[in-house]
Amino acid sequence: MSNGAPPLPHFVDPRPFDPDETEQLTAEQERYSLASQWQLMWWRFRQHRVAVLCGAVLLALYGMILISEILAPYALESRNTGFIYAPPQAIRLFHDGQFIGPFVYGLEYSVDLETMARRYEVDRTDVQRIRFFCLGDPYAFWGLVPGRFHLMCPAEGGTLFLLGTDRLGHDMLSRIIYGARISLTVGLIGIAISFVLGITIGGLAGYFGGWVDGIVQRIIEVLRSLPELPLWMALSAALPISWSPVLIYFGITVILGLLDWPGLARAVRSKLLALREEDYCTAARLMGASPPRIIGRHLLPNFMSHLIASATLSIPSMILGETALSFLGLGLRPPITSWGVLLIEAQNIEAVVLYPWLMLPMVPVIVTVLAFNFLGDGLRDAADPYSTTGH
Amino acid sequence: MRAVLVLFACIAMTAAASAASFVETPFFAAAVAEGKLPPVAERLPRTPFVVTLDGPERSPGRHGGDLRMLMSQPRDTRLMVVFGYARLVGYNQNWELVPDILSKLDVDEGRVFTLHLRKGHRWSDGAPFTAQDFKFFWEDVANNPDLSPSGPDAFLRVDGEAPKFEVIDETTVRYTWTKPNPFFLPALAGARPEFIFEPAHYLKAFHPRYADAADLQAKITAAGQRNWAALFTQKSRQYRNDNPELPSLQPWVLQTRPPSSYFIFIRNPFYHRVDQHGRQLPYIDRVTFTMASPGLIPAKTAAGDADLQARGIGFDNITVLKQGEKRNPYRVLLWKTARGAEVAIYPNLNTIDADLAPLVRNTDFRRALSLAIDRDEINQAVFTGFGRPGNDTVLPGSPLFKSEFETKWASFDLKQANAILDGLGLPRDSGGIRKLPSGRRLQMVVETAGEDPTEVAVLQLVQSTWRKLGIDLLVKPEQREILRNRVFSGEAVLSVWSGLENALPNANTIPDEMAPTSQQQLSWPKWGQHYESGGRAGAPIDLPAAERLAALRQQWLTTLDAQQRSRLWQDMLAIRADEVFTIGTVRMVPQPVVVSTALRNVPKEGIYNWEPGAFFGVYQPDTFWYADDRSK
């Protein structure tokens, strides 16, 4: 410039300055960039078809336990001594080539004197129409409101054992429906307990570090090194017999919850160890925020989504834990009915050879556990919405 | 009694005349040829016990074969002593006591017992079995302060007095009491027998009176025992049958050293019984025990893994076992049991629960409990109608049976039961459960060993009918030992077990099960312990009806007159039925017995019972044989 050459031509664009000109966002992209993390997760989750389906299944299952009394054709305590170990009755629509709506054929009971077996013959002349939206066995809805209304009932004087009966003549379908109430909620309550414990203890360990962390880690190591099943058994054997079944139920959930927190605590701790060094954390501390506030308000929300996903994944282990304990005769006891309690009956060779329907409570256990696993899988993918792997 | 015993002894002796030609056992033929074993004629006592097999279901057989059985734990090796059932005196199939190992038994006035051994009888290792073995037991075991700190066992004492023991000659011993001892012979004949002899030649090596001190100390150290008494006890448990070196008189002798999951018992070469054709018993060469978890025994039996099985299988399994008959070479026999009840509830009269004790000790309360059980429903639901509803008392097969014993307070009558409880001043709360005077809910815990799934099913039915009575029944399964200890200490209020052990008694059966005589009695463990310990432990009886039972039993002991004894028995049975000391439910439930189709001489209809009977023992398993040739 100093050699006196004429200045370069000068140009000023008259259009207003738009810094985003080269990367113009579509409306779609705009929505995406402005969305909250939860919204992003939801969008991401929706793409995981199986997880959505499983979520729907679980919603339906949990919806069912709200109205177990109405869904079950029989009341929980209803015993049919005349129909012990009756096989499942098939629902039919046509009788003698004629459509007459859903019905079952009656059962005829006899004893085989040679093998001492109970025999049930289907009586093809005895048409028992299933009644819908009907009055049947009396019950107390949620133990409070008396009622008799059922979704479906056996014909007057007839039977309706869609999944057969057990050794005292209880309808298996009704028992499975009632059992869901216990088996499905055990997981939720247990996880709630382990969540609170895991976050609190893991949070303290991670935030303070040092000797607090050291002690917590040692405790976790000890807890983890104990064999799980014997520990459950010991703890549940310690529950006093005179407790009411409801208390026992809470006792079991507390036991399951108390033993499940270490994994979660470790996850929280390692996250916090990293996050507490962030600038915003230092800033909060300098502004005088208390440790609970820093942990709860600033640190935890960073990975809450991850926590939810991992919680979902550990619910099935709670459900299996209850089932295993009850199966071993150490968990819930009759008259409380859970899927594990029902499976106690299926422990012998008779169930396998003669009464295979006693093993049916396995089906809802498998369905529930699988559904929770897929749901957790979907949630885990969704929990990190900015990653692009796989989608 | 004397006449009967002598008569049977004579039969055994005369039959021995035909013993001129004994048949060598193929199993030992090689050993005899090599000179390792003497030939059969020299192995048998000079007068063997000749078993005459000539009934419709009892025929003489042939040697050979293995008998496979399934067991659940290594300690079950003791069952071979039960099944083998070689006893000094044992029950025959008419439930009479007859000499077995003894050639003859003389009883005078019920108090002088002269035992005649068989000349030439040998232990399973070939050493002579003589009066010295009895002397060794009496002097060096029963009266040794280290081995028996409290002296000879209860069956050897009458009112605390021990017998005078004499060795008459090499094969004769005599026990003399000043008063009759009705316990002596039944104890010798028990399913779990009392042994009054020990293999002295073997055990002297472990006894400081005979063994070299340094030698013995070395053995004690090597075995890791505290002292010689512990070592001696470990080596000498004849009933427990866990030492393969211990010589035996049983038909089959343990070969495998425990612990193991598979046990082999081989035939005793010096066993004292022969059949009428001169074949030394047992017919079967070997018995094997395979350990299996209790839940798997029915399945393994149905798969044909056992040749003779009744343990571990029950009424519930009959259908599956019958189905297996088509696929596997066995048949299922249905035997009876001699128990008073399949499942019985025992109110613990010694309970320490201050609120419930007055109720449990109240006769009316116990009657109400019994009336509120629907025994017909239990029979139909749990036992498919094959049992017989009724109290825990003697069975119709017993000469002492009266139908009122079975039916008194045993009908299902909720109205009467409720009226009784109303009369006791137990009002119901809003949930329908009664309240105790202290304000506590009438909640009772019934404790069960829970080994048998039928037990729990019965309790569930009882639970539902007792609820209508206003009683909240809780079922608590726990381990057998824990259950016993909780009953003994009085912590358990109700417990569940099977009923009377021997519900087929006759007038001469000792009525010990009727009155408080043992801590094992779940209705009154402390009173029983008080009796057993001679007043040192437990508590004295403080209930008039139980005192009366004890007095009647005492009267029974002092009389020898059968009619008088029968009357006393029936008095006791009447009191028990009226007082409802145990609450029976269903009785006479069939017991499946799985038998290989090739196995002979197993009765089609037997009684499977512990005492008397020793399970298979009374049917002489040493006479069972295989119809197909299994000698190879």
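Residues numbered from 1 in each chain as written. Chains lettered and ligands numbered in written order. Predicted model: local features only at pLDDT ≥ 70, side-chain atom pairs only at ≥ 80, totals over all residues.

K.L.:
Any chance you could explain the overall build of chain B here in plain terms?
P.N.:
The number of helices and strands found in chain B is 21 helices and 24 strands. With 632 residues in all, chain B has 49% of them scored as buried. Contacts in chain B between residues far apart in sequence, at least 24 positions, make up 71% of those at least 6 positions apart. (Helix = DSSP H or I, 4+ residues; strand = E, 2+ residues; numbered from the N terminus. Buried ≥ 20, exposed ≤ 12 C-beta atoms within 10 Å, placed from the backbone. Contact = placed C-beta atoms within 7 Å.)

K.L.:
Would you explain the interface of chain A and chain B in this entry?
P.N.:
Frequently, the measure chosen for interface size is the accessible area that the parts lose on association. Taken residue by residue, the interface counts 21 residues in chain A and 26 residues in chain B. Breaking the side of chain A that touches chain B down by element, the ones donating at least two residues are strand E3 (117–129) and helix H13 (349–353) of chain A. The biggest single contributor to the side of chain A that touches chain B is H13 of chain A, with three residues.

K.L.:
Mind showing me how you'd approach the domain arrangement of chain A here?
P.N.:
Here chain A is described as being made up of domain 1 (83–167) and domain 2 (174–344 + 361–383). The C-alpha-based centres of domain 1 of chain A and domain 2 of chain A are spaced at 41 Å. (Domains from an automatic or database assignment.)

K.L.:
Looking at this structure, how should I read the packing of helix H14 (residues 375–383) of chain B against helix H17 (residues 453–468) of chain B?
P.N.:
Each pair of packed helices can be described by the angle between their axes along with the distance between the axes. Residues and elements named next belong to chain B. Viewed as axis vectors pointing N to C, H14 and H17 meet at an angle of 140°, and their least axial separation amounts to 10 Å. In this view, H14 runs oblique relative to H17, as classed from their interaxial angle. Between H14 and H17 lies a crossing of right-handed hand. Contacts between H14 and H17 involve Glu-377, Ile-378, Ala-381 and Val-382 from the former and Thr-454, Ala-457, Val-458 and Leu-461 from the latter. Considered class by class, the residues forming the contact of H14 with H17 number six nonpolar, one polar and one charged. (Axes fitted to C-alpha atoms, helices over the stretch in contact; angles between N-to-C directions. Parallel < 35°, antiparallel > 145°, perpendicular 65-115°, else oblique. Left-handed = near helix turned anticlockwise from the far one by under 90°. Nonpolar A, V, L, I, M, F, W, Y, C, P; charged D, E, K, R; others polar.)

K.L.:
Which parts of the structure should I look at to understand the environment of Arg-118 of chain B?
P.N.:
Residue and element names in this part refer to chain B. Relative to the elements of secondary structure, Arg-118 occurs in the loop between strand E6 (112–116) and helix H5 (131–142). Classification of Arg-118 by C-beta neighbours within 10 Å gives buried; the count is 23. The sequence separation of Arg-118 and Phe-49 amounts to 69 residues, and the corresponding C-alpha distance is 8.9 Å. Apart from the residues within four sequence positions on either side, Arg-118 is in contact with Pro-45, Arg-46, Thr-47, Ser-103 and His-272.

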